[in-house]
Amino acid sequence: MKEQRAQRLFQSLTDISDDLILEAQPVKSRRTSWLRWGAVAACLCIIAAGGFAALSGSQGTSQDAVETITAQGKQDPLPYQHSNALPAPPPCEAGKTQGPSQADCTLSFAHTRNFSRQRQQLEEEGVIPVMENHPLFSCQARYAEDGSLYCLQLTWSRRGSLEEYSDLTILAGYWAVSEPEDCIVQEVDPQGNLVEPKTTVTQREGIPITTEGREGQKQTVTFQNDSGWYQIRGSWNDAPAAVDALLDWLWDHPIDFQRFPMEAGDDYTLSTLAQHPDAFSGYLPDFAAAGYAESEGHLSLRNGLPVRYEGYYLPAADVARSEDAATDPNAIHWCLDTEADIYQLARCIGALEELTQDSVTEALAAEGQVSFTWDEACITVFSQDAPSVWALIATLQGD
């Protein structure tokens, strides 16, 4: 359980999921002609699937063609001839009988960096679109061992009510994209009427574009041009027009992958207070003096400096016998974040010095949590024990 929570915390920092990449992985492009739609659901035709080929080659320039390499050996070259193209990741060792699997090769990321804090700069440079209605932004990049960019994920999000929910993502890389075979499934509704196809293939300036999903479902738009491989994703609540708008923008503004060198990104790592005892010194209550001990804690560092802390505290006598602090009714879950987003800040009931016992008790009774600000930090406390939480907060006010 502790490892899972630590992984979830780290995922919230790096914010790019292996599941997302695995699901989005294309295979080597198969240039079959798109003949026509198949018949109704009885005509089930196969859509190309499977892992995609790991790419080899040097750093990849506008003068060089990049060749794909799999564990079985060389495939046909991909004629990328664009100065904006991603350099290829290191190849698997061809012919190695006991070597890593194809998936192991393609997911052998050595480094992850975060460019989310550069949103305004990236917008001003025209590297990413301006999306004022999506206040949350995440930009993550993963790199091979030699520091070459392997894949990039950009996500714009909006929260609030169910109707406001939105997640729009661009996943980009330097891979060959799979294309459907000559026909796909055609669905019908309970009345026997043809339903708008879940998967369609169109062409734009001679480039095939595969669209999956429809309104009310998650949607993806995938294409490959001379600058790389792109997949645009919309959540179940995003209209197709929102996904199409991102497609139009990408079409006119290929991502400048060279804009994301590893040394320019933020490096987030996980640690503990035991390893960094001075982290947030003076910004955490004296839990020991209040009779509490840390059952589990995670410290997040950005470029070696603490930016976030999450700790589970139990009465000292209960720590040894508690199996899971996260579900223990006596636990106080204390979170401190110096990079709080707009929604976290909106939940704050005030600044530390403005809090009263009544306001803290009321918030905990209504939501099971209380959030407040202190200098540059947003602090959120989850607990069922309002008197103990207030006692801890009062010690901070006294400081």
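Anyway, here's the lowdown on the structure attached to this text. (Residues numbered from 1 in each chain as written. Predicted model: local features only at pLDDT ≥ 70, side-chain atom pairs only at ≥ 80, totals over all residues. Heavy atoms only, no water.)

### Some thoughts on the overall build of the protein chain
- When you go through the protein chain residue by residue, the secondary structure sums to eight helices and 17 strands.
- Taken across its 399 residues, the protein chain has 48% of its residues classed as buried.
- Sequence separation of at least 24 residues holds for 62% of the intrachain contacts in the protein chain that already meet a minimum separation of 6.
- Put simply, the protein chain shows about 19800 Å² of open surface, and 49% of that area lies on carbon and sulfur atoms. (Helix = DSSP H or I, 4+ residues; strand = E, 2+ residues; numbered from the N terminus. Buried < 20%, exposed > 50% of the residue type's maximum accessible area, 1.4 Å probe, protein only. Contact = heavy atoms within 4.5 Å. Areas by Shrake-Rupley, 256 points an atom, 1.4 Å probe, with all protein chains shown as cover.)

### Observations regarding the state of the cysteines
- If you walk through the whole model with that rule in mind, you get zero disulfides.
- The cysteine Cys 335 is free of any disulfide, with Cys 378 supplying the nearest cysteine sulfur at 9.3 Å.
- For Cys 335, a relative accessible area of 18% translates into the label buried. (Disulfide = S-S within 2.5 Å.)

### Considering the pattern of salt bridges
- All told, the structure shown has eight salt bridges when counted by the stated rule.
- Between Glu 123 and Arg 119 there is a salt bridge, and its shortest N-O distance comes to 3.1 Å. One end of the pair is Glu 123 and the other is Arg 119, both in helix α4 (residues 119-124) and four residues apart, which spans about a single turn. Arg 119 shares its class with Glu 123; the two are buried.
- Across the pair Arg 259 and Glu 125 runs a salt bridge, and its minimum N-O distance is 2.7 Å. Within this pair, whereas Arg 259 is found in the loop between α5 (240-252) and β11 (268-271), its partner Glu 125 is found in the loop between α4 and β4 (136-143), the two being separated by 134 residues in sequence. (Salt bridge = Lys/Arg side-chain N within 4 Å of Asp/Glu carboxyl O.)

### With respect to the sheet that holds strand β17 (residues 377-382)
- Strand order in the open sheet formed by seven strands is β11-β12-β13-β14-β17-β16-β15, and the pairing between neighbours is mixed. Since the sheet does not close on itself, it has two edges, and those belong to β11 and β15 (348-351), each with one partner. The average angle at which neighbouring strand axes cross in this sheet is 20°, direction not considered.
- In this structure, strand β12 (residues 292-302) lies alongside strand β13 (residues 305-315), joined through 10 bridges in antiparallel fashion. Paired with Arg 302 across the strands is Leu 305, a residue of β13.
- Contacts from helix α7 (residues 357-367) reach β15, β16 (369-374) and β17, with the element oriented near 135° to β16. (Pairing = 2+ DSSP bridges. Axes fitted to C-alpha atoms, helices over the stretch in contact; angles between N-to-C directions.)

### Things to note about the packing of aromatic side chains
- The tally for this structure, following the rule as stated, stands at nine aromatic pairs.
- Between Phe 223 and Trp 251, the ring centres sit 5.2 Å apart and the planes meet at 45°, which makes this aromatic pair tilted. With Phe 223 in strand β9 (residues 219-225) and Trp 251 in helix α5, this residue pair connects regions lying 28 residues apart in the sequence. The pair formed by Phe 223 and Trp 251 is uniform in burial state, with each residue classed as buried.
- Taking the centre distance of 5.6 Å and the plane angle of 85° together, the rings of Phe 287 and Trp 334 count as edge-to-face. You can see Phe 287 sitting in the loop between β11 and β12 and its partner Trp 334 sitting in strand β14 (residues 332-337), a full 47 residues away along the chain.
- Members of the aromatic cluster, each reached through a chain of ring pairs, are Phe 223, Tyr 230, Trp 251 and Phe 257. (Phe/Tyr/Trp six-rings, centres within 6.5 Å; stacked < 30°, edge-to-face > 60°.)

### Details of the packing of α7 against helix α8 (residues 386-398)
- Relative to each other, α7 and α8 sit at 135°, their axes nearing to 10 Å. Overall, the two elements α7 and α8 adopt an arrangement that is oblique. Note that α7 runs across α8; the crossing there is right-handed. Across the interface between the two elements, Gln 357, Val 360, Thr 361 and Leu 364 from α7 touch Ala 386, Val 389, Trp 390 and Ile 393 from α8. (Parallel < 35°, antiparallel > 145°, perpendicular 65-115°, else oblique. Left-handed = near helix turned anticlockwise from the far one by under 90°.)

### Quick word on the sheet that holds strand β6 (residues 166-173)
- The eight strands are arranged β3-β4-β5-β6-β10-β9-β8-β7 in an open sheet whose pairing can be described as antiparallel. Strands at the two margins of the open sheet, each flanked by one partner only, are β3 (111-114) and β7 (199-204). For this sheet, the mean inter-axis angle between neighbouring strands, taken without regard to orientation, is 15°.
- As paired elements, strand β5 (residues 149-158) and β6 share eight bridges and run antiparallel to each other.

### Comments concerning unusual backbone geometry
- The phi angle at Asn 303 is positive, at roughly 55°, despite the residue not being glycine.
- A positive phi angle, close to 55°, is found at Asp 375, a residue other than glycine.
- Looking at Asp 375, the relative accessible area reads 55%, which means it is exposed.

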